[in-house]
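# Understanding the architecture of this molecule
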Amino acid sequence: MSRTIKLDQPVLAEHLRRADHLRRTFRRNGVAVLNLVSSPGAGKTTLLERTIEALSPRLAIAVIAGDVQTQIDADRARAAGARWAGPVETNGTCHLEPWMIEDRIADLDLAAIDLLFIENVGNLVCPAVYDLGEHHKAVMLSTVEGDDKPLKYPVMFRNASTMIINKTDLLGLTDFQIDRAEENARRINPDLVIFKLSCKTGEGLTAWFDRLLEMANSLLPHKTQGNPE
Ligand code: MG
Ligand code: ZN
């Protein structure tokens with residue numbers, strides 16, 4: 001039997017049950033969770049590095065780095081100062097599924113973490129339909145891609161709450177029109193919160209950091225009081 005992403009009802013129900021359980025676990029431990037998705041090469045890992053470097057003094061950040069193969073991205077997150085970073089090597093699967101997250105966090109002390117990034121496998125198709133128990137799905141696009149991507153992968157942009165346009169330092173060097181990208185994205189999902197930034201120059205990163213701090217702080221009441229630091 002071939003595997004497709006058209007999940008049948010019982011399988012879908014099982015994934016959702018697991019995702020909801022994860023979400024409750026994260027919330028109970030006061031962990032804000034962000035599922036970061038993009039095509040390969042948009043800059044997910046670099047954004048995580050910049051974010052960890054900037055926010056680590058204030059937040060305990062953990063990263064689950066999904067890739068078909070290698071632990072390179074988890075190593076990068078750890079080197080940037082993540083409190084904890086663990087790889088998920090899918091060995092061919094082009095997305096992460098809730099059970100992989102369950103497996104990965106089994107040895108993680110969630111109560112000691114404020115913010116967890118799940119860096120998904122680079123792919124705009126199936127990661128759109130797998131809920132991993134995250135609070136937000138953030139879809140990332142870069143200025144070396146087509147500005148029509150939101151129209152081509154509508155499910156992803158519809159299911160995301162946040163869109164990040166990276167590599168703004170390269171605007172003008174490619175045919176990517178940032179206004180057109182935003183317009184296309186809003187046609188699919190008018191509620192998208194959009195960040196335009198460059199991980200290379202640092203432009204626009206502050207707004208992104210502020211948003212993450214706000215997200216993490218909104219879950220603080222769920223965390224046991226008296227967190228040292
Ligand atoms: Mg990566
Ligand atoms: Zn897939």
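Residues numbered from 1 in each chain as written. Chains lettered and ligands numbered in written order. Predicted model: local features only at pLDDT ≥ 70, side-chain atom pairs only at ≥ 80, totals over all residues. Heavy atoms only, no water.

## Topic: the coordination of the magnesium ion (ligand 1)
- Protein coordination at the magnesium ion (ligand 1): the donors are Thr45 (OG1), Asp73 (OD) and Glu119 (OE), at 2.0 to 2.1 Å from the metal.
- Positions of the donor residues of the magnesium ion (ligand 1) along the chain correspond to the pattern T-x27-D-x45-E. Residue Thr45 is found in helix H2 (residues 44-55), and its partner Asp73 is found in helix H3 (residues 72-80); the two are separated by 28 residues along the sequence.
- Looking at Thr45, the relative accessible area reads 10%, which means it is buried. (Donors = N, O, S within 2.8 Å, 3.2 Å for Na, K, Ca; no water. Helix = DSSP H or I, 4+ residues; strand = E, 2+ residues; numbered from the N terminus. Buried < 20%, exposed > 50% of the residue type's maximum accessible area, 1.4 Å probe, protein only.)

## Some words on the coordination of the zinc ion (ligand 2)
- The coordination sphere of the zinc ion (ligand 2) contains the protein donors Cys94 (SG), His95 (ND1) and Cys126 (SG), at a distance range of 2.0 to 2.2 Å.
- Written as a sequence motif, the donor arrangement for the zinc ion (ligand 2) is C-H-x30-C.

## Points about the pattern of salt bridges
- All chains considered together, the criterion is met by 15 salt bridges.
- Residue Glu14 is joined to Arg18 by a salt bridge in which the shortest nitrogen-to-oxygen separation is 2.9 Å. Of this pair, Glu14 and Arg18 both sit in helix H1 (residues 9-28), separated by four residues, roughly a single helical turn.
- Each member of the salt-bridge network shares a partner with another, and the members are Glu14, Arg17, Arg18 and Glu102. (Salt bridge = Lys/Arg side-chain N within 4 Å of Asp/Glu carboxyl O.)

## Regarding the nonpolar core
- Val63, Phe117, Ile164 and Trp208 are the most contacted members of the largest nonpolar core, which totals 33 residues.
- Those elements that place two or more of their residues in this core are strand S1 (32-38), H2, strand S2 (61-67), H3, strand S4 (115-119), strand S5 (136-142) and helix H8 (205-218).
- Looking at this core element by element, the count peaks at seven residues for H8.
- Setting aside anything within four residues of it in sequence, one finds Ile164 in contact with Leu36, Leu47, Ala138, Val139, Met140, Leu141, Phe195, Leu197 and Trp208.
- Counting 21 residues, the second largest nonpolar core, distinct from the first, contains Trp84, Leu110, Leu116 and Tyr130. (Core = buried A, V, L, I, M, F, W, Y, C linked by side-chain atoms within 4.5 Å. Contact = heavy atoms within 4.5 Å.)

## Quick look at helix H7 (residues 178-188)
- Restricting attention to buried positions, one finds in H7 the residues Ile178, Ala181, Glu182, Asn184, Ala185 and Ile188. Down the axis of H7, the smallest arc covering the buried residues is 165°, so these residues share one side. For H7, the exposed residues set more than 90 degrees away from the buried face come down to Asp179, Glu183 and Arg187.
- Where H7 is buried, its residues touch S5, helix H5 (149-152), helix H6 (154-159), strand S6 (162-166) and strand S7 (193-196). (Arc of directions from axis to C-beta.)

## Thoughts on the pairing of S4
- Across the five residues that make up S4, a large majority, five, are buried.
- Across the two faces of S4 the burial is the same, with Leu115, Phe117 and Glu119 and Leu116 and Ile118 all buried.
- Pairing geometry for S1 and S4, over five bridges, is parallel. Note that in S4 the partner of Ala32 across the bridge is Leu115.
- In this sheet, S4 lies alongside S2 in parallel orientation, the contact comprising five bridges. Bridged to Ile64 within S4 is Ile118. (Pairing = 2+ DSSP bridges.)

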